[in-house]
Amino acid sequence: MADEKAQKILAALGGRDNIVEIEPCITRLRCELEDGSVVDEKALKALGAHGVMRSGNVVQVVVGPEADTIASDIEDLL
Amino acid sequence: MSLRVGSPVAGRVVALSAVPDQVFAEAMVGPGVAVEPVRAKADVVSPLDGTVVTLHPHAFVVANGDGAAILVHLGIDTVKRKGEGFELHVVKGEQVQAGQRIVTWDPAEVEAAGFAPICPVIALDASAEALADLALDVDVAANDALFDWSR
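All values reported here derive from a predicted model rather than from experimental measurement.

## Considering the UniProt feature "domain: PTS EIIB type-1" (unreviewed entry) in chain A
Those places that UniProt annotates as "domain: PTS EIIB type-1" (unreviewed entry) correspond, in this numbering, to residues 3-78 of chain A. For residues 3-78 of chain A, the end-to-end C-alpha separation is 12 Å, with 36% helix and 30% strand making up the annotated structure.

Next up, the structure:
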């Protein structure tokens, strides 16, 4: 289920309170977080992420071309 | 069956590893090549016959009925341009043919704004071995062959 996936990704990112902004960019979710250190990289990869790149509190989750859909599913949960 | 993938832009074909972006350089979303575009205002064309399944000003995906999907990204981090300097000629969901123009842009303008204008062309979710005849280190015109994708 798409919504379930969005929910699990959101949880792996530290939950809704940790999200400052999520911006989809065709293959990845650019996530600006309150605290980048709590991101559960293993869980994101188990959910199908090709990679996770961290730069402080900005974390990019490479999810492939469905990034737009996932981002809007996550937005619905915020 | 083999799918011919054409260049969306005119320029010099280089290896993906030359792209200053980890996701593309490490082929995280698929293998492919990159084109260092000619620095002049130009039309960007579809690399294959198919449907425009994702469309942003700075990037698009065309997928054919067989499920093969090619991602074209116009420059690196160009999402930050918020569409400025990109003129779209199609809508999402539109059927397009190889060589049909999708968007007009100016790589020189993108570069002047501080972005690398290099264009990754990615065979989404393909294995690296599925691509053959990569036109590396040659100059191509728009719609010239970049690689063959065996399906």
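## Here's the deal with the side chain of Asp 21 of chain B
Summarising the element assignment, Asp 21 of chain B is placed in the loop between strand S2 (11-15) and helix H1 (22-25). You can call Asp 21 of chain B buried: its relative accessible area is 11%. For Asp 21 of chain B, the residues in contact, after removing those within four places along its chain, are Arg 28 of chain A together with Ile 76 of chain B.

## So, the UniProt feature "active site" (unreviewed entry) in chain A
The sites that UniProt annotates as "active site" (unreviewed entry) are Cys 25 of chain A. Summarising the element assignment, Cys 25 of chain A is placed in strand S1 (residues 19-25). Overall, Cys 25 of chain A belongs to the buried group, its relative accessible area being 3%. Residue contacts for Cys 25 of chain A: discarding those within four places in its chain leaves Arg 30 of chain A together with His 58, His 73 and Val 79 of chain B.

What counts as what
Along each chain, residues carry numbers from 1 onward, in the same order as the chain's sequence is written. For this description, chains carry letters from A and ligands carry numbers from 1, given in the order in which they are written. A pLDDT threshold of at least 70 governs which residues receive local features in this predicted model, and a stricter bar of 80 or more applies before side-chain atom pairs are shown or counted, although totals over entire chains, interfaces and linings include all residues. Heavy atoms from the whole structure form the basis of all side-chain values; hydrogens and water molecules are not counted. UniProt positions are given in the numbering used here, feature names are shortened, and annotations may be inferred rather than shown by experiment. We count a stretch as a helix when DSSP gives it H or I for four or more residues in a row; a strand needs E for two or more, and each element gets its number in order from the N terminus. For the exposure calls, accessible area comes from a 1.4 Å probe over protein chains only, and a residue counts as buried if that area is under 20% of its type's maximum, exposed if over 50%, partly exposed in between. Every residue pair with non-hydrogen atoms within 4.5 Å of one another is taken to be in contact.

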